[in-house]
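Chains, contacts and geometry: an overview
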Amino acid sequence: MTTTAVLIVGAGPTGLTLACTLARAGVPVRIVDKSSAFHDGSRGKGLNQRSREVLADLGMGEEFTAAGNPRLTFRKYRDGVAVADHTPQEGAAPTPDVPYATGLWIPQWRTEEILRAKLASYGVLVELGSEVAEFTQDRAGVAVTFTDGRRVDASYLVGCDGARGMVRKALGLSFDGAAEPELALVGDVEVEGGLDRGYWHQWMDEGGAVLLCPLPGTPRWQLQSSPEPDAEGGYAKPSLEVFQRQLDRHARIPGLRLTNPGWLSTYRVNVRMAERFRVGRVFLAGDAAHIHSIAGGLGMNTGIQDGYNLGWKLALVVSGAAGEGLLDTYEEERLPVAAWTLRITNERLRAVREGARKAGVGTEAGFTRDLTTLGVGYGWSSLAWGGPAAGERAPDAPCRDALTGAPVRLFEVFAGPRFTLLGFGPQSTAALARVSAACGELVRTCLVDGGGAGLVDPERHAWRAYGMAGREGGGADGLGRAGKGGLVLVRPDNHIALTASVDRGAEVVDRLERLGR
């Protein structure tokens, strides 16, 4: 028998993000997967802007940027002829508060590979071929037994084992929703015939669809297709021959041949959500907690953001820096987000299907700014402690080190498993000192335009982003550095907990000392 603080079941993007978040905070964690080998299919093939921010905070921003494609043009065909091109977010550029102008096209296996490498840097490896048979829990922890007889005792168990995983089923939780009757084909293939890899080729008409999306960093494409009926009134099983017949039927391009098949599968649109995301010391995240339409590509992204939300909370509770009650806020915050995700992906799927009836319209009909999830916040949360933006994503801003003049972004200041207290203006100095002395490692403090160490914000980007511009006074330099300023408390997951005046340092201390208690 072995012990650990957190045992994660399922080593997909959700479980790996959670594991990296915990390992970075120094929490003992193990992650297991029943598969005997790592998956090599493209499956989820896109990271949105918010997920890029999450992964950058965890120290993988450059790796993902290098591995993915930030822009892809959608080429639409009708009757075998190219009729329209569309590049989502064409011309988009980073802004002071949003560092990533676009998401990334990247196959899921590569996302998992980068996450595993980061996790390994903390000394944690995925334990393959480890299938959970059963578990029991009491007030002290969770006892997990594997099919080979091994046992692990954990303080907490997290099921990231997908829609068909055993953790939710063992908890007896409902997974209410519905499934569409028709299957769709999906797989990874290579393509001979000179098809331009600068485009996501989309053949759509009343008779069905075939889509070929290039996978960056590989010679492969992800193929999605309508199913092929069989003689018995069902659907033919996925095979290279079936994929080729569907391509020939819709694309009508002589010499276009599919070769070297990899992952070949089917999927059915399911829209389901678990009734709860926490039962005692056991949690659900990612597809184990919610599944929905693929329209908009939110599946993997929502799971990554589940793991990020749960990770910092588990880390603080395990370390004793917060009380057990903090863990209740995981379900409080993420269950409504999951419900929103189900609704918006249903809407986007309808938009794509309606749009595809018109020549020149493809999957871009399902793309809206909502799908960046930059606007997802937790204004209803018990961790939204005050101020107009409480619960919302904390914006980035370019600043400079007050002593060296070196450029520093707020996201660099926030990085790590602690709260961050920003103090705007010199009058916030006393509050920062009070919080730092009382809360120690739980919070870092950062003075902005305080006349000493910390940051300077010469372009006023941070002041405006955090609603402090109206708090500025009439400083001699015209920049308001002698003004009232204010305090902003940012959570470890880069959401705003509190915006307050500079005289409320005692409230910040009280909030943090009572966190989850």
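This text goes with the structure placed above it.
Reading the values: the criteria
Residues numbered from 1 in each chain as written. Predicted model: local features only at pLDDT ≥ 70, side-chain atom pairs only at ≥ 80, totals over all residues. Heavy atoms only, no water. Helix = DSSP H or I, 4+ residues; strand = E, 2+ residues; numbered from the N terminus. Rg over C-alpha atoms; globule rule 2.2 N^0.38 Å. Buried < 20%, exposed > 50% of the residue type's maximum accessible area, 1.4 Å probe, protein only. Contact = heavy atoms within 4.5 Å. Areas by Shrake-Rupley, 256 points an atom, 1.4 Å probe, with all protein chains shown as cover. Lys, Arg positive; Asp, Glu negative; His and termini not counted. Charge placed at Lys NZ, Arg CZ, Asp CG, Glu CD. 1 Å grid on protein atoms, 1.4 Å probe; cavity = no way out; pocket = protein on both sides within 12 Å on 5 of 7 lines; lining within 4 Å. Points joined across faces, edges and corners; volume = space filled by probe spheres on them. Nonpolar A, V, L, I, M, F, W, Y, C, P; charged D, E, K, R; others polar. Axes fitted to C-alpha atoms, helices over the stretch in contact; angles between N-to-C directions. Parallel < 35°, antiparallel > 145°, perpendicular 65-115°, else oblique. Left-handed = near helix turned anticlockwise from the far one by under 90°. Salt bridge = Lys/Arg side-chain N within 4 Å of Asp/Glu carboxyl O. Core = buried A, V, L, I, M, F, W, Y, C linked by side-chain atoms within 4.5 Å.

What follows concerns the overall build of the protein. A count of helices and strands for the protein gives 12 helices and 26 strands. For the protein, the C-alpha radius of gyration of 25 Å lies close to 24 Å, the compact-globule estimate for 517 residues. C-alpha atoms of the protein, sized along the principal axes, occupy 75 × 60 × 35 Å. Looking at the protein residue by residue over its 517 residues, the buried ones come to 55%. Relative to all contacts within the protein whose residues are 6 or more apart in sequence, the contacts with residues 24 or more apart total 69%. In the structure as shown, the protein presents an accessible area of about 20,700 Å², 50% of it carried by carbon and sulfur atoms. Separation between the mean location of the 57 positive side-chain charges and that of the 60 negative ones in the protein comes to 2 Å.

All told, the structure shown has three cavities of 30 Å³ or more when counted by the stated rule. Of the pockets and cavities examined, the largest cavity occupies roughly 90 Å³. Around the largest cavity, the lining residues are Arg 50, Val 54, Gln 305, Tyr 308, Asn 309, Arg 334, Thr 373, Val 376, Tyr 378, Asp 493 and His 495. Here the lining of the largest cavity gets three residues from one element, more than from any other, and that element is helix α7 (residues 298-319). Looking at the second largest cavity, its volume works out to about 50 Å³. Taken together, Ala 11, Asp 33, Ser 35, Ala 37, Phe 38, His 39, Glu 112, Arg 116, Val 126 and Leu 128 form the lining of the second largest cavity. Residue classes in the lining of the second largest cavity are distributed as five nonpolar, two polar and three charged.

Further remarks concern the packing of helix α2 (residues 49-57) against α7. Contact geometry for α2 and α7: axes closest at 9 Å, N-to-C directions at 40°. Taken together, the axis directions place α2 and α7 in an arrangement best described as oblique. You can see that α2 and α7 cross each other, and the crossing is left-handed. Within the contact between the two elements, α2 uses Arg 50, Ser 51, Val 54 and Asp 57 and α7 uses Asn 301, Ile 304, Gln 305 and Tyr 308. Partitioned by chemical class, the residues of the contact of α2 with α7 number three nonpolar, three polar and two charged.

Before going further, it helps to spend a moment on the pattern of salt bridges. Summed over all chains, the structure comprises 25 salt bridges. With a shortest N-O distance of 2.9 Å, Asp 153 and Arg 151 are connected by a salt bridge. Bridged by salt links that share partners, the residues Lys 313, Glu 333, Arg 491 and Asp 493 form one connected network.

Moving on: the nonpolar core. If you look at the biggest cluster of nonpolar residues, it comprises 95 residues, and the most contacted ones within it are Val 6, Leu 314 and Leu 489. Val 408, Val 413, Trp 463 and Val 490 belong to the second largest nonpolar core, which has 20 residues in total.

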